[in-house]
Amino acid sequence: MTTPTLDLNNGVSIPQLGFGVFQVPPKDTADIVTQALDVGYRHIDTALAYHNEQGVGEAIASSSLSRDDVFVTTKLWNYDQGTDAAFKAFDASLERLGFDVLDLYLIHWPAPQQDRYVDTWKAFEQLYADGRIRAIGVSNFRVEDLQRLLDLGLTVPVVNQIELHPYLTQDELRIFHDKHEIVTEAWSPIAQGAVLDDPVITELARAKDATPAQVVIAWHLALGNVVIPKSVTPDRIAENFASTEVELAGDEIDAISALNRNERTGPDPWEFPG
Ligand code: NDP
């Protein structure tokens, strides 16, 4: 089984289905990521804030895969915003991962109260120009944050990683992303489980002989999102990866999109970190 890939706006290819490691305990991360690699995932999503970059790097180093076979994302945390702090944070993340080059680095939150993401982004541009990152992107950016980078003539982020699932379809951002060739990447893609009991999802799962999580992940793939479900449960790690085999018709995709309630499970980028 292989996963589809998408081309980012700088020509780098990203596996569309990845594996998220938020809330994977640091001591278990190498084992869990090894399981994910064994199942076939070739894209891992971590962050400084998850305290498990080291385990991600260890799993890849001890696998039979070459470094180039696995696409790895990590993220800069809010207290590392600003030019010098960003350079230091990047070096530290790369060291914990044990890599020479990172695939994708994201600003984790715009943190509008700090108003430092433009300087942070310029530091990212420098790291990219120096060949230390293959692609640079953002996370939890609002339309106004993306527009600000564009108005300043800065590099267009390759992705914006945002909370997105059937109860929060993020239509405004997705339209903006499409217009500017920014890939939409979905975090909490199954709303941490909250959408799995929805009757529309469970009925589709029954009809497709699939699981509710597979139906939701297949919906993300059909919309063109990069999607990074997390699990520490071996059967679910495999189940989620097999979502690429579930095909949804246009009306089925629309029925899931119609579940939108603009309901967040995580923090609001207007307010976080407060
Ligand atoms: P998810 O929507 O991926 O849900 C994870 C939860 O669902 C876990 O409790 C997991 O349980 C459970 N689960 C996973 N698969 C199944 C399944 N097949 N059936 C039933 N339950 C299942 O939430 P996350 O918040 O973890 O988001 C995914 C990733 O997105 C993160 O790991 C992280 O990489 C990224 N993220 C990014 C953020 C950002 O600000 N940029 C914020 C939050 C997340 P269990 O593990 O016990 O199996």
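What you are looking at is a predicted structure, and each value in this text was computed from that prediction instead of being measured. (Residues numbered from 1 in each chain as written. Predicted model: local features only at pLDDT ≥ 70, side-chain atom pairs only at ≥ 80, totals over all residues. Heavy atoms only, no water.)

Caption draft 1: Up close: the sheet that holds strand S8 (residues 159-163). Reading across the sheet, the eight strands line up as S3-S4-S5-S6-S7-S8-S9-S10 and stay open at both edges, with parallel pairing between neighbours. Taken across any chain shown, the strands that pair with only one partner, and hence form the sheet edges, are strand S3 (19-20) and strand S10 (226-227). As defined by bridge partners, S3 adjoins strand S4 (residues 43-45) across two bridges and the pair is classed as parallel. Bridge assignment links Phe19 to a residue of S4, and that residue is Ile44. (Pairing = 2+ DSSP bridges. Helix = DSSP H or I, 4+ residues; strand = E, 2+ residues; numbered from the N terminus.)

Caption draft 2: Spotlight on the site of the ligand. Every one of the 28 residues lining the ligand counts as a neighbour, but Asp45, Ser188, Gln192, Ser231 and Thr233 are closest to it. Between the ligand and Tyr50, the relevant distance is 3.4 Å, taken from a nitrogen atom to a side-chain nitrogen or oxygen of the residue. One of the side-chain N or O atoms of Gln161 is found 2.9 Å from a nitrogen atom in the ligand. Protein contacts shield 88% of the accessible area of the ligand, which totals 910 Å² for the unbound molecule. Element by element, the count of residues in the shell around the ligand is highest for helix H9 (residues 234-241), at three residues. (Near = heavy atom within 4 Å. Polar contact = N/O pair within 3.5 Å; in protein donor to acceptor, adjacent residues only side chain to side chain. Areas by Shrake-Rupley, 256 points an atom, 1.4 Å probe, with all protein chains shown as cover.)

Caption draft 3: Highlighting helix H8 (residues 212-223). The first and last C-alpha atoms of H8 sit 17 Å apart over 12 residues, in line with the 16 Å expected at 1.5 Å per residue. Counting buried residues in H8 gives nine out of 12 residues, a clear majority hidden from the surface. Listed as buried for H8 are Ala213, Gln214, Val215, Val216, Ile217, Ala218, Trp219, His220 and Leu221. Buried residues belonging to H8 abut strand S9 (183-187), helix H7 (199-208), S10, H9 and helix H10 (250-257). (Expected span 1.5 Å × (residues − 1). Buried < 20%, exposed > 50% of the residue type's maximum accessible area, 1.4 Å probe, protein only. Contact = heavy atoms within 4.5 Å.)

Caption draft 4: Expanded view of the environment of Pro26. Relative to the helices and strands, Pro26 resides in helix H1 (residues 26-39). Under the relative-accessibility criterion, Pro26 is labelled partly exposed at 46%. With 74 residues separating them along the chain, Pro26 and Asp100 place their C-alpha atoms 22 Å apart. Not counting residues up to four positions away in its chain, the partners in contact with Pro26 are Tyr50, His51 and Asn52.

Caption draft 5: Region of interest: the environment of Thr3. On the secondary structure map, Thr3 appears in the segment before strand S1 (5-7). According to the relative accessible area criterion, Thr3 is buried, its value standing at 15%. Remark: the alpha-carbon pair of Thr3 and Gly18, spanning 15 residues in sequence, is separated by 8.8 Å. Excluding its chain neighbours within four sequence positions, the residues that come into contact with Thr3 are Pro15, Leu17, Phe241 and Thr244.

Caption draft 6: Structural view of the side chain of Thr169. Along the chain, Thr169 turns up in the loop between S8 and helix H6 (171-179). Looking at Thr169, the relative accessible area reads 4%, which means it is buried. Ignoring any residue separated from it by four or fewer positions in sequence, one finds Thr169 in contact with Leu164, Arg174, Trp219, Ser257 and Asn260.

Caption draft 7: Molecular detail of the pairing of S8. Of all five residues in S8, five are buried; the element is thus mostly enclosed. Two elements, strand S7 (residues 133-139) and S8, share two bridges in a ladder whose sense is parallel. Bridge pairing links Ser139 to Gln161 in S8. This β-α-β element, S7 to helix H5 (residues 143-151) to S8, shows right-handed connectivity. (Right-handed = clockwise from strand over helix to strand, strands pointing away.)

Caption draft 8: View of the packing of aromatic side chains. The tally for this structure, following the rule as stated, stands at 10 aromatic pairs. When the centroid spacing of 4.8 Å and the interplanar angle of 50 degrees are considered together, the rings of Tyr41 and Phe241 count as tilted. Remark: Phe241 occurs in helix H9 and Tyr41 occurs in the loop between H1 and S4; sequence separation between them is 200 residues. We classify Phe241 as buried; its relative accessible area is 0%. Each ring, one from Tyr105 and one from Phe124, has its centre 4.5 Å from the other, and the planes form 15 degrees; the classification is stacked. With Tyr105 in strand S6 (residues 102-107) and Phe124 in helix H4 (residues 117-129), the pair connects residues that are 19 residues apart, well separated along the chain. The same class applies to Tyr105 and to Phe124, which are both buried. Here a set of aromatic residues connected by ring pairs shows up, and it is made of Trp77, Trp109, Trp187 and Phe272. Against the face of Tyr117 rests Arg148, its NZ or CZ located 5.2 Å from the ring centre. Directly above the aromatic system of Tyr167 lies the positively charged group of Arg261, at a separation of 3.7 Å from the ring centroid. (Phe/Tyr/Trp six-rings, centres within 6.5 Å; stacked < 30°, edge-to-face > 60°. Lys NZ or Arg CZ within 6 Å of the ring centre and 35° of its normal.)

What is shown is where atoms sit, not what they do.
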